[in-house]
Amino acid sequence: VSKENPSGDLAPLEEKVKVVIAEDGSASGAGFYIAKEKGYFEDYNIDVEFAVFSNSDEMLPALASGDVDIAGGVSTASFFNAIAQGIDVKIIADKGHNVPGKSYFSFVIGNQMVDEIKSYEDFKGKKIAISSKNSIDEYIYLEMLKHAGLTTEDVELVLLADFGSMLGAIENGSIDAALQIEPLIAQGVENGFHQRFGDATDYAPESQIAMVLGSPQFMSDEQEVSLRFMAAYLKGVRDYNDAFIKGENKAEIIDIMTKHTSLKDTSLWEKVFVTGLNPDGTMFLDDVLKQYNAYKENGAISGDVDFDKAVDTSVTEKAVEILGAYEK
């Protein structure tokens, strides 16, 4: 129980504070949207504003300079490169991992391949699309090949930067399989373009796909604000887990998701394998390091990342102490 508020939660800030979040309507921003719509930020006297950036190359400098307080980062070599080259941002909490057996970022195969691809070994000689190299996409793809006992020579890699274009390519047979993302996986299954194949957690069980990032100022100089922000965020993430894992208040949470993301079809939200968001904000940090080392071995990173400096989970841990650990 905190001294400020005997109920075990935090007292609101004395003056209203604006917190700017770089968020583009991606489903992994669920914690932000829910906390906003349910008034959790407001309870602490925090006013959140969403800022949209066309790409992360612009977003990271804005975060480092403090123009943006919070952002989401996806694991790529260019993200780690930016940090290695002196862009100071803090990795603070989970913003996306695959839920075992229900991966939101996983392989699909074309309908014409259903009888041909029965096991991972059957990917041999096939055309497989991923959206980018030196990224979590390629990392998961390579882990899958290792699991299948195949090398990169055994398959034909096709780069298709746009996940949407993978739908048409798999339907017309110009690719056999793709590392695809929700809600396009569910939409493709629904429209008869492709089938899910296995699950990414079969071979990459603890992939940290995306992370919540904080500006250095927000984390160090504005701890009263960042702690309350994180408490509100985790309340939102817990509501999300209650809805999608436990089935509680699901309709309400789906309404919030349709309002803030591109997936407007409430019935499809029932079929989508949602992004895993840890209710205590915990990340798979060993995996982050493993990905970083893989990019480094590929020569995709120049310089070094000091992870002791780049990772700062103190505010997340403190918020969990105040809220109590989530009951699974």
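A.B. asks: Would you mind showing me how to read the packing of helix H9 (residues 223-244) against helix H10 (residues 250-260) here?
C.D. replies: Running from N to C, H9 and H10 point in directions that differ by 120 degrees, and their axes come no closer than 8 Å. One element, H9, and the other, H10, form an angle in the oblique class. When you trace H9 past H10, the crossing you get is left-handed. Where H9 abuts H10, its residues Asp239, Tyr240, Ala243 and Phe244 lie against Lys250, Ile253, Ile254 and Met257.

A.B. asks: Is there a simple way to explain the sheet that holds strand E5 (residues 105-110) in this structure?
C.D. replies: Sheet strands pair via backbone hydrogen bonds, and the direction of the pair is either parallel or antiparallel. Pairing in this open sheet of five strands is mixed, and the strands run E7-E6-E8-E5-E9 from one edge to the other. Only two strands of the sheet have a single neighbouring strand rather than two, namely strand E7 (156-159) and strand E9 (194-196). Averaged over all pairs of adjacent strands, the angle between strand axes in this sheet comes to 35 degrees, irrespective of strand direction. Summarising the sheet, strand E6 (residues 127-130) and strand E8 (residues 177-181) pair through two bridges and their orientation is parallel.

A.B. asks: In this structure, what is going on with the environment of Asp88? I would like to understand it.
C.D. replies: You can see Asp88 is positioned in the loop between helix H4 (77-84) and strand E4 (90-97). For the pair Asp88 and Leu150, spaced 62 residues apart in the sequence, the C-alpha separation amounts to 38 Å. Among the polar contacts listed, one links the side chain of Asp88 to the side chain of Lys90, at a separation of 3.4 Å.

A.B. asks: I tried to follow the nonpolar core on my own but got confused; where do I start?
C.D. replies: Here is a general trend for soluble globular proteins: nonpolar side chains tend to be buried in one another's company. Among the nonpolar cores identified, the biggest contains 67 residues, and Phe79, Phe80, Phe123 and Ile140 are the most heavily contacted of them. Contacts of Phe123, omitting those with residues within four sequence positions, involve Ile109, Ile117, Ile128, Met144, Leu150, Val155, Ala177 and Phe197. With 47 residues, the next largest nonpolar core counts Ile46, Val212, Met219 and Trp269 among its residues.

A.B. asks: What am I meant to see in the side chain of Ser207 here?
C.D. replies: Within the element layout of this structure, Ser207 appears in the loop between E9 and strand E10 (208-214). The class of Ser207 is buried, set by a relative accessible area of 2%. Within the structure, the side chain of Ser207 is placed 3.5 Å from the backbone oxygen of Ala204, a separation counted as a polar contact. The residues touching Ser207, leaving out its near neighbours within four places in the chain, are Gly96, His97, Asn98, Ile136, Tyr139, Ile140, Phe284, Asp287 and Gln291.

A.B. asks: Just to check I follow, could you spell out the environment of Pro12 for this structure?
C.D. replies: Structurally, Pro12 can be placed in the segment before strand E1 (17-22). Residue class for Pro12 comes out partly exposed when judged on its relative accessible area of 45%. As for Pro12 and Val225, which are separated by 213 residues in sequence, their C-alpha atoms are 9.4 Å apart. Residues in contact with Pro12, not counting those within four places in the same chain, are Asp43, Tyr44, Asn45 and Arg228.

A.B. asks: What is the right way to look at the packing of aromatic side chains in this model?
C.D. replies: Here the distance between the centres and the angle between the planes together describe a pair of aromatic rings. A full pass over the atoms with the stated rule returns 19 aromatic pairs. Judged by centre distance (5.6 Å) and plane angle (70 degrees), the rings of Phe80 and Tyr292 are edge-to-face. Of this pair, Phe80 sits in helix H4 while Tyr292 sits in helix H12 (residues 285-297), and the two are 212 residues apart along the sequence. Pair check on accessibility: Phe80 and Tyr292 agree, each one buried. Centroid distance Phe80 to Tyr295: 6.0 Å. Interplanar angle 40 degrees. Geometry classified as tilted.

What counts and how
Sequence order as written defines the numbering, with residues in each chain counted from 1. Where local features are concerned, this predicted model is filtered to residues with pLDDT of at least 70; where side-chain atom pairs are given and counted, the filter is 80 or more; whole-chain, interface and lining totals use all residues. Hydrogen atoms and water are omitted, and side-chain values are computed over all heavy atoms in the structure. Axis lines are fitted through C-alpha atoms, for helices just across the contact stretch, and the angle between N-to-C directions can take any value from 0 to 180 degrees. Numbering of helices and strands runs from the N terminus, with a helix taken as a DSSP run of H or I at least four residues long and a strand as a DSSP run of E at least two residues long. For this classification, under 35 degrees means roughly parallel, over 145 means roughly antiparallel, 65 to 115 means roughly perpendicular, and everything else is oblique. Definitions for this section: a left-handed crossing has its near helix turned counterclockwise from the far helix by less than a right angle. A right-handed crossing has that turn clockwise. Contacts are residue-level and defined by heavy atoms, with any inter-residue pair within 4.5 Å sufficient. DSSP bridges decide pairing: two strands pair if at least two such bridges lie between them. Under the rule applied, a polar contact is a pair of N or O atoms within 3.5 Å (in protein, one hydrogen donor and one hydrogen acceptor; residues adjacent in sequence only if both atoms are side-chain atoms). What makes a nonpolar core is a set of buried Ala, Val, Leu, Ile, Met, Phe, Trp, Tyr and Cys residues whose side-chain atoms join them at distances within 4.5 Å. Residue burial is assigned from relative accessible area. The probe radius is 1.4 Å, only protein chains are included, and a residue is buried under 20% of its type maximum, exposed over 50%, and partly exposed in between. Pairing of aromatic rings covers Phe, Tyr and Trp, the last counted by its six-membered ring, and requires centre-to-centre distances within 6.5 Å; plane angles under 30 degrees mean stacked, over 60 mean edge-to-face, and any other angle means tilted.

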